[in-house]
Amino acid sequence: AGEPALNADKPVMYTQTSGTTGKPKLIPLLGSTLDNLHWSQVNQAFIQYSSVPGAYSGRLLPIVSPAVEGTLPSGTPYGSASGHIYKNMPRLARLKYVLPHEVFEIEDYDLKYLTILRLALPHRDITLIGSANPSTFIRLLELMDRRRQELLEDISAQDFRHLARFPRSISDAIRPGLRTPATRIVELQRALNLPAPAFKDVWPELRLVTTWTGGSCRIALDRIRSTFSESTQISELGYISSEFRGTITVDLERGLGMPTIWENFLEFAERDAWDGGNRRTSGIDQLEAGHEYYVIVTTDAGLYRYFMNDLIEVTGRFHATPTIRFVQKGKGVTNITGEKLYENQVIRAVQGAVDEFRKSTDFLLMLAIPEESRYRLVLELDLDASEAERLTEAVEQALAEQNIEYSAKRESGRLRPLEIIPVVVGTGEEYKRHMIAQGQREGQFKLLVLQYAEDCTFDFSSMRSSPEPG
């Protein structure tokens, strides 16, 4: 109801969780919480400014969720903390932004990204782009390729044919950004007529890309690395969630994340011990490099010893403080006969096997099927029967090398052979649309690569790229 219960202060707003592993929740944010988040954002920007020459010299293209998505019965708004910070940055900082905050309020998924492109393409001098999930960049590339003629026509006409679809508040905010210099139009005509337009073709001055680089996001990121120039640095955005900001990236080259111990009280539970029923926790000073831990957080906004269901890995130290990185959601673990398979093991195994075949995939999903005692791998890849068989063997071998229990259960026959289901290009995008329709937040969409088949509500049968074996 928005009444103060755990804190004396009333929440200024609520932020909505992504809904990756369940129904989205509303997390209270106090004025002091927003002040802390703003302070962390400023410090992160300063580190980026100092580490990557030219990153802030041109225009900036951050892509965030809307600041306000609705209002509770109490009158308190709920939405995105990143959107709130974006909207309320000082005017001089906002002048660097390509996008007015109203763009993020566009509800139509395709139209929003088309609008982002229409407003961003006139600017040759974009030096920084950022989005929580690299799948956003894939979507922009696909739209830039598929709608290139439409975009060129609108840019040449200094217009945007979809303006009439917006409420006046949005169209008025968009209209000033449609102007494009004649010299830039010529450049875009050349760039967008290339066989496969890339970011380096339209934004040659791009110096820094900030996004999530770990967990399932590695799949999308690997797909688009080559679309940036060699002078563009890709940096880890940090361990950030709706519940709290977990790290600031203090070393962009190595992706070292400094835990936000000045804002939050963090406890950690060693992965295997916790999974075995041991609920003992450790302070940050007790963390060991290379080990994985679950995160438990206490914040000034009212979360008390909140189990994040996130696995992190200790990556090193920044002076005396251990640095951490996000590995996967804790729910990305399955166990059919005692093998206890982890999402990051699946990602490494599949990507390594696919690389050996000199192929690439934009989407993979491993489903555990206990009633069949097997795993089914859905893979967005065109494979003939022989390739599918050889790839299956390569993935199984890689999983066995990483997970001795998986190896033992396969050798004993308690786990049946892995089954690969090749699906058509675009399946990943359709799956994402489906999950957003089910309640996941588009701006924070995270693919749960490993899950139980009974929890997956998407029907892949019509997306097969080859007929089922007879």
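Up top you'll find the structure we're talking about.
Structure report, in brief. (Residues numbered from 1 in each chain as written. Predicted model: local features only at pLDDT ≥ 70, side-chain atom pairs only at ≥ 80, totals over all residues. Heavy atoms only, no water.)

### Examining the packing of helix H4 (residues 109–120) against helix H6 (residues 148–156)
Note the threshold: Angles here are taken between N-to-C directions and fall from 0 to 180 degrees, while the axes themselves are lines fitted to C-alpha atoms, restricted in helices to the stretch in contact. Numbering of helices and strands runs from the N terminus; a helix is a DSSP stretch of H or I covering at least four residues, while a strand is a stretch of E covering at least two. Between 65 and 115 degrees an angle is taken as roughly perpendicular, under 35 as roughly parallel, over 145 as roughly antiparallel, and anywhere else as oblique. For a crossing to be left-handed, the near helix must be turned anticlockwise from the far one by less than a right angle; the clockwise case is right-handed. The contact criterion used is simple: two residues touch if any of their non-hydrogen atoms lie within 4.5 Å. Under the grouping applied here, Gly and all other residues not named as nonpolar or charged are polar, the nonpolar ones being Ala, Val, Leu, Ile, Met, Phe, Trp, Tyr, Cys and Pro and the charged ones Asp, Glu, Lys and Arg.
Running from N to C, H4 and H6 point in directions that differ by 50 degrees, and their axes come no closer than 10 Å. Taken together, H4 and H6 sit at an angle that is classed as oblique. For the pair H4 and H6, the crossing hand works out as right-handed. Taken together, the residues of H6 that come into contact with H4 (itself represented by Leu 114, Leu 117 and Arg 118) are Glu 150, Leu 151, Asp 154 and Ile 155. Along the lines of polarity and charge, the residues of the contact of H4 with H6 split into four nonpolar, no polar and three charged.

### Description of the environment of Ala 453
Following the sequence through the fold, Ala 453 ends up in the segment after strand S20 (450–452). Along the primary structure Ala 453 and Ala 368 are separated by 85 residues, whereas in three dimensions their C-alpha atoms are 5.6 Å apart.

### A closer look at unusual backbone geometry
Inclusion rule: Accessible area is worked out with a 1.4 Å probe on protein chains only. A residue is then buried under 20% of its type maximum, exposed over 50%, and partly exposed in between.
The phi dihedral of Gln 158 is positive, around 55 degrees, even though this residue is not glycine. In this fold, Gln 158 is placed in the loop between H6 and helix H7 (168–174). Residue Gln 158 is classed as partly exposed on the basis of its relative accessible area, which comes to 35%. We note that Arg 358 has phi near 55 degrees; this positive angle belongs to a residue other than glycine. Taking the relative accessible area as the measure of exposure, Arg 358 reaches 80% and is therefore exposed.

### A word on the packing of aromatic side chains
Condition: Aromatic contacts are taken between Phe, Tyr and Trp rings whose centres are within 6.5 Å, Trp giving its six-membered ring; a plane angle under 30 degrees counts as stacked, one over 60 as edge-to-face, and the others as tilted.
Scanning all chains against the criterion turns up 22 aromatic pairs. Both rings, one in Tyr 109 and one in Tyr 113, keep their centres 5.7 Å apart while their planes meet at 90 degrees; by these two values the pair is edge-to-face. With a gap of four residues between them, Tyr 109 and Tyr 113 both fall in helix H4, about one helical turn apart. Judged on exposure class, the residue Tyr 109 and its partner Tyr 113 are both buried. Both rings, one in Tyr 239 and one in Phe 326, keep their centres 6.1 Å apart while their planes meet at 20 degrees; by these two values the pair is stacked. Here Phe 326 lies in strand S14 (residues 321–329) and Tyr 239 lies in the loop between strand S8 (233–236) and strand S9 (247–251), a separation of 87 residues in the sequence. The class of Tyr 239 is buried, set by a relative accessible area of 5%. The exposure class assigned to Phe 326 is partly exposed, which follows from its relative accessible area of 22%.

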